[in-house]
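Here's the letter readout for the chains.
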Amino acid sequence: MTRLAHAIDAERIEEAISMLQQYVDSDQLAPLFSVLRELPEHPGDQVLLARLSAVVNDLGVLQGAVLTYAPAIAGLLSDDPFAEDE
């Protein structure tokens, strides 16, 4: 993953956090919330996107619930196969 495939939408990220807090209330999501809150402040930060990927990978069985209730996260983690290389 060399660059963001999709633009960072602060409203969608806040919606994702809200949905996760409502439906998946777990202390294990604290690192995810931290990274998600940083994304709108630093939208082009590839290190931050790599941290997001690592945090999601470390969620174990909660990963499915996160991607179900916050599909914006899946969009952030996906590559754009049709993007032209820069």
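Scroll up to find the structure.
Residues numbered from 1 in each chain as written. Predicted model: local features only at pLDDT ≥ 70, side-chain atom pairs only at ≥ 80, totals over all residues. Heavy atoms only, no water.

S.K.: Help me out: how do you make sense of the packing of helix α1 (residues 10–23) against helix α4 (residues 62–69) in this one?
M.R.: Any two packed helices are characterised by the angle at which their axes cross and by the distance between the axes. Viewed as axis vectors pointing N to C, α1 and α4 meet at an angle of 130°, and their least axial separation amounts to 9 Å. By the angle between their axes, α1 is oblique relative to α4. You can see that α1 and α4 cross each other, and the crossing is right-handed. Mapping the contact onto sequence places M19, L20 and Y23 in α1 and A65, V66 and Y69 in α4. Each residue belonging to the contact of α1 with α4 can be placed in one class, and the counts come to 6 nonpolar, no polar and no charged. (Axes fitted to C-alpha atoms, helices over the stretch in contact; angles between N-to-C directions. Helix = DSSP H or I, 4+ residues; strand = E, 2+ residues; numbered from the N terminus. Parallel < 35°, antiparallel > 145°, perpendicular 65-115°, else oblique. Left-handed = near helix turned anticlockwise from the far one by under 90°. Contact = heavy atoms within 4.5 Å. Nonpolar A, V, L, I, M, F, W, Y, C, P; charged D, E, K, R; others polar.)

S.K.: Teacher, can you tell me more about the nonpolar core here?
M.R.: Burial of nonpolar side chains together is a common tendency in soluble globular proteins. Of all hydrophobic cores here, the largest spans 24 residues; its most connected members are L20, L29, L32, L36, L39, L52 and I73. Contributions of two or more residues to this core are made by α1, α2 (30–38), α3 (46–57), α4 and α5 (71–77). In terms of residue count, α3 provides more of this core than any other element does, 5 residues in total. Aside from chain neighbours lying at most four places away, what touches I73 is L20, L32, L36, V56, V66 and L67. (Core = buried A, V, L, I, M, F, W, Y, C linked by side-chain atoms within 4.5 Å. Buried < 20%, exposed > 50% of the residue type's maximum accessible area, 1.4 Å probe, protein only.)

S.K.: Teacher, can you tell me more about the environment of Q22 here?
M.R.: Note that Q22 resides in helix α1. When the C-alpha atoms of Q22 and Y69 are compared, they prove to be 9.5 Å apart, with 47 residues separating the residues in sequence. For Q22, the side chain forms a polar contact with the side chain of Y23, separated by 3.4 Å. (Polar contact = N/O pair within 3.5 Å; in protein donor to acceptor, adjacent residues only side chain to side chain.)

Shape is all these values report; function is a separate question.
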